[in-house]
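# Fold and contact review
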Amino acid sequence: MYALPKTVIDNLITAVLVLDNDLLVTYANPAAEQLFCQSSRRLRGHSFTKLVKQSSIDLFVVKETIKNGQGLTDSDVTLEINGRQRKVELSASRLIYEHCTSILLEIRTISHQQRISNELSQKEQQHAARELVRRLAHEIKNPLGGLRGAAQLLEKMLPDPSLKEYT
C-alpha cells in the first residue's frame, strides 16, 4: 500500500478492516481499533467471527458473496462487540491487492444523531396517527348525534308505547 492511500484510510472515521479468505483480520485502521477497543496489532490474525460475538448478518454469506465478486451493503446490522450491541452500517467488497484476494469491510456506527432523528420521525408518525383517529372519531360521532336526536324526537311523537323500543 502506498503511503498516501494508507494515510487516507488511517484518517477515516469509518472502521476499515481487511480480512483474508478465512475471515482473519490482516489490517485495521484506527477507527476499527476504537470500535473494537483493541490495537491494530492485537486485531491482526484474529477471526472476525470471534471479534463479533453475535451478528444480525451471516458473515459466511458475506464471504460467499465476495467470493462471487459481488459487494454487499446493509444499513441495519447489529453486531455484539465486547459485550455491547451496536447498530452499524456494513459494506463488504472484494479487494485484490498484489495478486491476493481479500475482503474489504467498512463498518460505520449509526450515530446518536441519526437515532434521535429516527425517534423524532416515529413520534411525528404517532402524532399524525393519533390526530387521524381523533378526527375520524369526530366524523363518526357527528352523524350519530343527529340520528340520536331524530330518534328522541320520533319517540316523543309515537302514540303507542310498544313502538318506543325501536327508537
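Read on for an overview of the structure.

What counts and what doesn't
Residues numbered from 1 in each chain as written. Predicted model: local features only at pLDDT ≥ 70, side-chain atom pairs only at ≥ 80, totals over all residues. Heavy atoms only, no water. Buried < 20%, exposed > 50% of the residue type's maximum accessible area, 1.4 Å probe, protein only. Helix = DSSP H or I, 4+ residues; strand = E, 2+ residues; numbered from the N terminus. Arc of directions from axis to C-beta. Contact = heavy atoms within 4.5 Å. Pairing = 2+ DSSP bridges. Core = buried A, V, L, I, M, F, W, Y, C linked by side-chain atoms within 4.5 Å. Salt bridge = Lys/Arg side-chain N within 4 Å of Asp/Glu carboxyl O. Phe/Tyr/Trp six-rings, centres within 6.5 Å; stacked < 30°, edge-to-face > 60°. Polar contact = N/O pair within 3.5 Å; in protein donor to acceptor, adjacent residues only side chain to side chain.

Another point: helix α5 (residues 59-67). Buried within α5 we find Leu59, Val62, Lys63, Thr65 and Ile66. An end-on view of α5 places all buried positions within 165° of arc, on one side of the element. Positive backbone phi, at 90°, marks glycine 69, one or two positions downstream of α5.

On to the side chain of serine 47. Position of serine 47 relative to the elements: it lies in the loop between α3 (40-43) and α4 (48-51). Each residue touching serine 47, except ones within four places of it in the same chain, is listed here: Leu23 and Leu24.

What follows is about the pairing of strand β2 (residues 25-28). The pairing of strand β1 (residues 15-19) with β2 spans three bridges and is antiparallel. Residue valine 18 lies in a different strand from β2, and its bridge partner there is tyrosine 27.

Formed by 27 residues in total, the largest nonpolar core has its most connected members in Leu17, Leu19, Phe36, Phe48, Leu105 and Ile107. Of all the secondary structure elements, the ones that give two or more residues to this core are β1, β2, α2 (30-36), α4, α5, β4 (72-81), β5 (84-97) and β6 (100-109). Looking at which element gives the most residues to this core, the answer is α2, with four residues. Once you skip the residues sitting within four places of it in the chain, leucine 17 turns out to touch Val25, Tyr27, Ala28, Ala32, Phe36, Phe48, Ile103, Leu104, Leu105 and Ile107.

The next point concerns the pattern of salt bridges. Oppositely charged side chains are able to pair whenever their charged atoms sit close together. Within this structure, the stated rule accounts for four salt bridges. Here glutamate 106 makes a salt bridge to arginine 108, at a shortest N to O gap of 3.7 Å. Given a relative accessible area of 27%, glutamate 106 falls into the partly exposed group. Accessibility expressed as a relative area gives 25% for arginine 108, which makes it partly exposed. Measuring nitrogen to oxygen at the nearest pair gives 2.6 Å for the salt bridge that ties glutamate 131 to arginine 134.

Our next topic: the packing of aromatic side chains. Applying the stated criterion across every chain, the model contains one aromatic pair. Plain terms: the ring middles of phenylalanine 36 and phenylalanine 48 are 6.1 Å apart, the flat faces sit at 75° to each other, and that makes the pair edge-to-face. Of this pair, phenylalanine 36 sits in helix α2 while phenylalanine 48 sits in helix α4, placing them 12 residues apart in sequence. Neither phenylalanine 36 nor phenylalanine 48 differs from the other in exposure class; each is buried.

Mapped onto the fold, serine 91 is located in strand β5. A distance of 3.1 Å separates the side chain of serine 91 from the side chain of arginine 108, its partner in a polar contact. Dropping the residues within four chain positions of it, serine 91 is found in contact with Leu72, Thr73, Leu104, Leu105, Glu106 and Arg108.

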